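# Summary of the model geometry
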Amino acid sequence: MIYKAVLFDLDGTLLDTLDDLGDSMNAVLAAKGYATHPIRSYTAFVGDGVRNLVRRSLPAGSRKNDELVNELVPLMRREYSRRWKAETRPYDGIPALLDGLSARGLRMAVLSNKPHPATMEVVAHFFPRWKFDSTLGARPDVPIKPDAGAALEVSRQLGVPPEAFLYLGDTNTDMKTAVAAGMFPVGVLWGFRTAEELVSSGAKVLVSDPRDVLSLLDRPAPLA
């Protein structure tokens, strides 16, 4: 298979957003009198949308309190809207990867569980030099990843069959989405989760540097 397109996750794949996400959630927790978390703890909380982030950050006894979660979700969104570009940066090697993909004529797209308006704003701010043929975030009427629907929507938008996509992501959610959509799952090791999680969730290849992705374009090498 010669791949024609790359579908990227955003947080933990293109961008290191952990500090701004963690600082925002900690600010909400502190304001409500809850314990905060070390920033690295948020690697286990993020990736499945803001509601799951809020729920996972709460004390164990409060995580099933839907009324509380409903109260904190808009507070988290408001706090993050103030902080989203304070510490966030593209990972080292991402600009070189995007340049390499563009030079090869590959189509590029972004699919995130971050709310759609925020996804659009973040991608436009950090990646103005590159063309993404589709950028989709979480929308009220569309199931979030790992549901395959949005990934297949990207496939239709680009006119590229799912099997001609590399799917790059850093969490089990991303690998499950890729598998469900029939795309080639590539787990990135610079993001938020472990190699073991990625492989157990369906990753066919693991990459430790963004530029390594370029070597997968013509001859993917599945894990043994």
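It should be emphasised that the depicted structure is a prediction, and the values quoted were computed from it without experimental measurement. (Residues numbered from 1 in each chain as written. Predicted model: local features only at pLDDT ≥ 70, side-chain atom pairs only at ≥ 80, totals over all residues. Heavy atoms only, no water.)

## Comments concerning helix H3 (residues 66-83)
In an α-helix, one turn spans 3.6 residues, which is why side chains three or four residues apart end up on the same side. Taking 1.5 Å per residue, 18 residues should reach 26 Å; H3 reaches 25 Å between its end C-alpha atoms and fits that length. When we look at burial in H3, the residues that qualify are Leu68, Val69, Leu72, Val73, Met76, Glu79 and Tyr80. Looking at the packing, one finds that the buried side of H3 touches helix H1 (18-31), helix H2 (50-57) and strand S4 (107-115). Where H3 starts, the residue carrying a side-chain oxygen 3.2 Å from the main-chain nitrogen of Glu67 turns out to be Asn65. (Helix = DSSP H or I, 4+ residues; strand = E, 2+ residues; numbered from the N terminus. Expected span 1.5 Å × (residues − 1). Buried < 20%, exposed > 50% of the residue type's maximum accessible area, 1.4 Å probe, protein only. Contact = heavy atoms within 4.5 Å. Polar contact = N/O pair within 3.5 Å; in protein donor to acceptor, adjacent residues only side chain to side chain.)

## Let's talk about the pattern of salt bridges
Evaluated as defined, the whole model comprises 14 salt bridges. Glu71 is the salt-bridge partner of Lys32, the closest N and O atoms lying 2.8 Å from each other. Here the residue Lys32 occupies a position in the loop between H1 and H2, and Glu71 occupies one in helix H3, the gap between them amounting to 39 residues. Residue Lys32 is classed as partly exposed on the basis of its relative accessible area of 39%. (Salt bridge = Lys/Arg side-chain N within 4 Å of Asp/Glu carboxyl O.)

## Thoughts on the sheet that holds strand S6 (residues 165-169)
With parallel pairing, six strands are arranged side by side in an open sheet as S5-S4-S1-S6-S7-S8. Looking at strand neighbours, the two that pair on one side only are strand S5 (134-138) and strand S8 (205-207), the edges of this open sheet. With direction set aside, neighbouring strand axes in the sheet form an average angle of 25°. With four bridges connecting them, S4 and S5 associate as parallel partners. Paired with Val110 across the bridge in S5 is Thr135. (Pairing = 2+ DSSP bridges. Axes fitted to C-alpha atoms, helices over the stretch in contact; angles between N-to-C directions.)

## Considerations on the nonpolar core
Soluble globular proteins: nonpolar side chains tend toward being buried together. Counting 51 residues, the largest nonpolar core has Phe8, Leu14, Phe127, Phe132 and Leu166 as the members making the most contacts within it. Element by element, the count of residues in this core is highest for H3, at six residues. Not counting the four nearest positions on each side in its chain, Leu14 is found in contact with Phe8, Asp9, Arg89, Pro90, Tyr91, Ile94, Leu98, Val110, Phe127 and Phe132. Grouped together as the second largest cluster of nonpolar side chains are 18 residues, Leu136, Val142, Leu158 and Ala164 included. (Core = buried A, V, L, I, M, F, W, Y, C linked by side-chain atoms within 4.5 Å.)

## Considering a negative patch on the surface
Together, Asp16, Asp19, Asp23 and Glu87 give the surface a local cluster of negative charge. Note that Asp23 resides in helix H1. On the basis of relative accessible area, Asp23 is assigned to the partly exposed category, the value being 30%. (Patch = residues over 30% accessible without salt bridge, like charges linked within 9 Å, V, L, I, M, F, W, Y side chains within 5 Å. Areas by Shrake-Rupley, 256 points an atom, 1.4 Å probe, with all protein chains shown as cover. Lys, Arg positive; Asp, Glu negative; His and termini not counted. Charge placed at Lys NZ, Arg CZ, Asp CG, Glu CD.)

## A word on the side chain of Ser112
Secondary-structure assignment places Ser112 in strand S4. Residue Ser112 is classed as buried on the basis of its relative accessible area, which comes to 3%. Apart from the residues lying within four places of it in its own chain, the contact partners of Ser112 are Asp9, Leu10, Asp11, Thr119, Leu136, Gly137, Ala138 and Lys145.

## Some details on the packing of aromatic side chains
Tallied over the full model, the rule gives six aromatic pairs. Aromatic pair Tyr3 and Phe184: ring centres 5.7 Å apart, planes at 50°, arrangement tilted. A residue pair is termed long-range when its members are at least 10 positions apart, and Tyr3 in the segment before strand S1 (5-8) and Phe184 in strand S7 (residues 184-188) qualify at 181 residues. The pair formed by Tyr3 and Phe184 is uniform in burial state, with each residue classed as buried. Ring geometry for Phe127 versus Phe132: centroids 6.1 Å apart, planes at 75°, classification edge-to-face. These aromatic residues form a ring-pair network of at least three members: Phe8, Phe127, Trp130 and Phe132. (Phe/Tyr/Trp six-rings, centres within 6.5 Å; stacked < 30°, edge-to-face > 60°.)

## Quick notes on the pairing of S7
Burial within S7 is extensive, with five of its five residues counted as buried. Relative to S7, S6 is paired through four bridges, and the arrangement is parallel. Its bridge partner lying in S7, Gly169 is registered against Gly187. Crossover connection from S6 via helix H7 (residues 172-181) to parallel S7: handedness right-handed. In this sheet, S8 lies alongside S7 in parallel orientation, the contact comprising three bridges. Paired with Gly187 across the bridge in S8 is Leu206. One crossover worth recording links S7 to the parallel S8 by way of helix H8 (residues 195-200), and it is right-handed. (Right-handed = clockwise from strand over helix to strand, strands pointing away.)

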